[in-house]
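Chains, contacts and geometry: an overview
Single-letter residue listing:
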Amino acid sequence: MRSRFAPSPTGEAHPGTLLAALLVWLDARKAGGAALLRLEDLDTTRVKAAWSEQMLDALAWLGLDWDETIVQSGRKAAHEAALDQLAAAGRLYPCTCSRADRAGGRRAPDGGWAYENTCRDKPLPAGGWRAVDDNLRAHLDDSRVELVDDGGLDVSQTPAHDMGDPILRRRDGVIAYQLAVVVDDAAAGITHVVRGRDIAPSTATQVMLQRLLGVPTPHYRHHFLLLEHSKGEKLAKLHGSIPFGELRARHAGDELCGLLAHAADLVDEARPCTPRELVATFDWARVRNDDLVATFDRERGLVVQRQS
Ligand code: GLU
Ligand code: ZN
């Protein structure tokens, strides 16, 4: 059993990140498997080295250790080899559509706009995919993916229709998440992918890419999220609103571990504990299903509550 935690260092480490990391780590340790850390730092327009360093600090502070650390920006050759393979199979095409072209069309399961595969018949130029300065998309099979994850969440889709063919390389040259995640999970021999439910709409697309690349499909599990009240009272996935520096100033690592374990329903009381102490009794059957709302202030510290 090999699992991974794959955060994007695009902002402050926050309680939602730490909860996700804890769940991945406990699942792997309980199974006697390997727990890998992969920093998904490909989007040069959004990542910062300081946030990668903070992520490493924050995970260690919480008491998590990793069998391997992979930095995704170092995996360029493998990502390019996958594009070569897909191009050779006739599966890559340049997409000249803009974001505005898609807006107002059909909603995709992730809340964005579906892509109507408008450019599918456009050939690659003589210079191949490297000569393309538009988005590159993969022509997926039009078939349906039937998949219920290990937690019972049905993530079945017809990705080519529901989402549309995915972008694999952006016009600015950045390798897209959907390709990198599939290539890197396969290369690391990942057997179990545990991640937040916000990513569940992408799973079927990733399965289709695995089939095109001829790599195995791992087990999947999508867990509950920590939410926050964003502007206008709407609940959204927790982001950078609880800076890690403040969290660390207010809580000890084992105190936060206890708070997160309690929030997840893994323990009856929010008593300080180390991740190691949670391994023996860890069980997905205990982990809650419903999302929670997190707030923070210096007086009360981190408070995690049911949605009212
Ligand atoms: N890097 C992605 C994120 O932080 C998660 C990737 C994954 O777990 O598949 O949202
Ligand atoms: Zn297009």
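Residues numbered from 1 in each chain as written. Chains lettered and ligands numbered in written order. Predicted model: local features only at pLDDT ≥ 70, side-chain atom pairs only at ≥ 80, totals over all residues. Heavy atoms only, no water.

Focus: the sheet that holds strand β2 (residues 34-39)
- Spatially, the five strands line up as an open sheet ordered β3-β2-β1-β7-β8, and their pairing is parallel. Each end of this open sheet is capped by a strand with a single partner; those strands are β3 (68-71) and β8 (219-223). Taken over all neighbouring pairs, the strand axes of this sheet differ in orientation by 25° on average, direction set aside.
- Pairing of strand β7 (residues 192-196) with β8, which is carried by five bridges, proceeds in the parallel orientation. Bridge assignment links V193 to a residue of β8, and that residue is Y220. (Pairing = 2+ DSSP bridges. Helix = DSSP H or I, 4+ residues; strand = E, 2+ residues; numbered from the N terminus. Axes fitted to C-alpha atoms, helices over the stretch in contact; angles between N-to-C directions.)

Here we look at the environment of L259
- Here L259 shows up in helix α9 (residues 253-263).
- Sequence spacing of L259 and I167 is 92 residues, and the spatial spacing of their C-alpha atoms is 39 Å.
- Other than its neighbours up to four places away in sequence, L259 contacts H251, A270 and L302. (Contact = heavy atoms within 4.5 Å.)

Some words on the nonpolar core
- Grouped together as the largest cluster of nonpolar side chains are 46 residues, with contacts concentrated most on F5, L18, L59, L62, W66 and L260.
- Elements represented by at least two residues in this core include exactly α1 (15-30), β2, α2 (49-62), α8 (244-250), α9 and β11 (292-297).
- No other element matches α1, which puts ten residues into this core.
- In this view, L62 contacts L18, L22, G253, L256, C257, L260 and P275; residues no more than four positions away in its chain are not counted.
- Counting residues in hydrophobic clusters, the runner-up holds 36 residues, among them A82, A138, L147 and V193. (Core = buried A, V, L, I, M, F, W, Y, C linked by side-chain atoms within 4.5 Å. Buried < 20%, exposed > 50% of the residue type's maximum accessible area, 1.4 Å probe, protein only.)

Structural notes on the state of the cysteines
- Taken as a whole, this structure holds zero disulfides when the rule is applied.
- Not part of a disulfide, C257 finds its nearest cysteine sulfur in C273, a span of 3.9 Å.
- Taking relative accessible area as the criterion, C257 reaches 0% and is therefore assigned buried. (Disulfide = S-S within 2.5 Å.)

Quick notes on the coordination of the zinc ion (ligand 2)
- Taken together, the protein donors to the zinc ion (ligand 2) comprise C95 (SG), C97 (SG), Y115 (OH) and C119 (SG), at separations of 2.1 to 2.4 Å.
- Donor residues binding the zinc ion (ligand 2) come from one chain and are separated in sequence as C-x1-C-x17-Y-x3-C. Separated by 18 residues along the polypeptide, C97 in the loop between β4 (92-95) and α4 (99-102) and Y115 in the loop between α4 and β5 (135-138) bring together distant segments of the chain. (Donors = N, O, S within 2.8 Å, 3.2 Å for Na, K, Ca; no water.)

A short note on the sheet that holds strand β6 (residues 167-169)
- The antiparallel open sheet is built from three strands, whose spatial order is β4-β5-β6. Each edge of the open sheet carries a strand with a single partner, namely β4 and β6. For this sheet, the mean inter-axis angle between neighbouring strands, taken without regard to orientation, is 50°.
- Summarising the sheet, β4 and β5 pair through four bridges and their orientation is antiparallel. Across the sheet, residue P94 finds its bridge partner in β5, namely L136.

Brief notes about the layout of surface pockets
- In this structure, the second largest pocket encloses a volume near 220 Å³.
- For the lining of the second largest pocket, the element with the highest residue contribution is helix α3 (residues 76-88), accounting for three residues.
- Grouping the constituent residues of the lining of the second largest pocket by class yields four nonpolar, five polar and four charged.
- A domain split of the lining of the second largest pocket shows at least three residues from each of domain 1 (2-66 + 224-306) and domain 2 (76-184). (1 Å grid on protein atoms, 1.4 Å probe; cavity = no way out; pocket = protein on both sides within 12 Å on 5 of 7 lines; lining within 4 Å. Points joined across faces, edges and corners; volume = space filled by probe spheres on them. Nonpolar A, V, L, I, M, F, W, Y, C, P; charged D, E, K, R; others polar. Domains from an automatic or database assignment.)

What to know about the site of ligand 1
- Residues in contact with ligand 1, as listed here, are R4, A6, P7, S8, E40, Y177, V181, R195 and I199.
- Backbone polar atom of A6 to a nitrogen atom of ligand 1: 2.7 Å apart, as the coordinates give it.
- Surface burial for ligand 1 is 81%, taken as the share of its 300 Å² of free accessible area covered by protein chains.
- In the shell around ligand 1, the residues fall into five nonpolar, one polar and three charged. (Near = heavy atom within 4 Å. Polar contact = N/O pair within 3.5 Å; in protein donor to acceptor, adjacent residues only side chain to side chain. Areas by Shrake-Rupley, 256 points an atom, 1.4 Å probe, with all protein chains shown as cover.)

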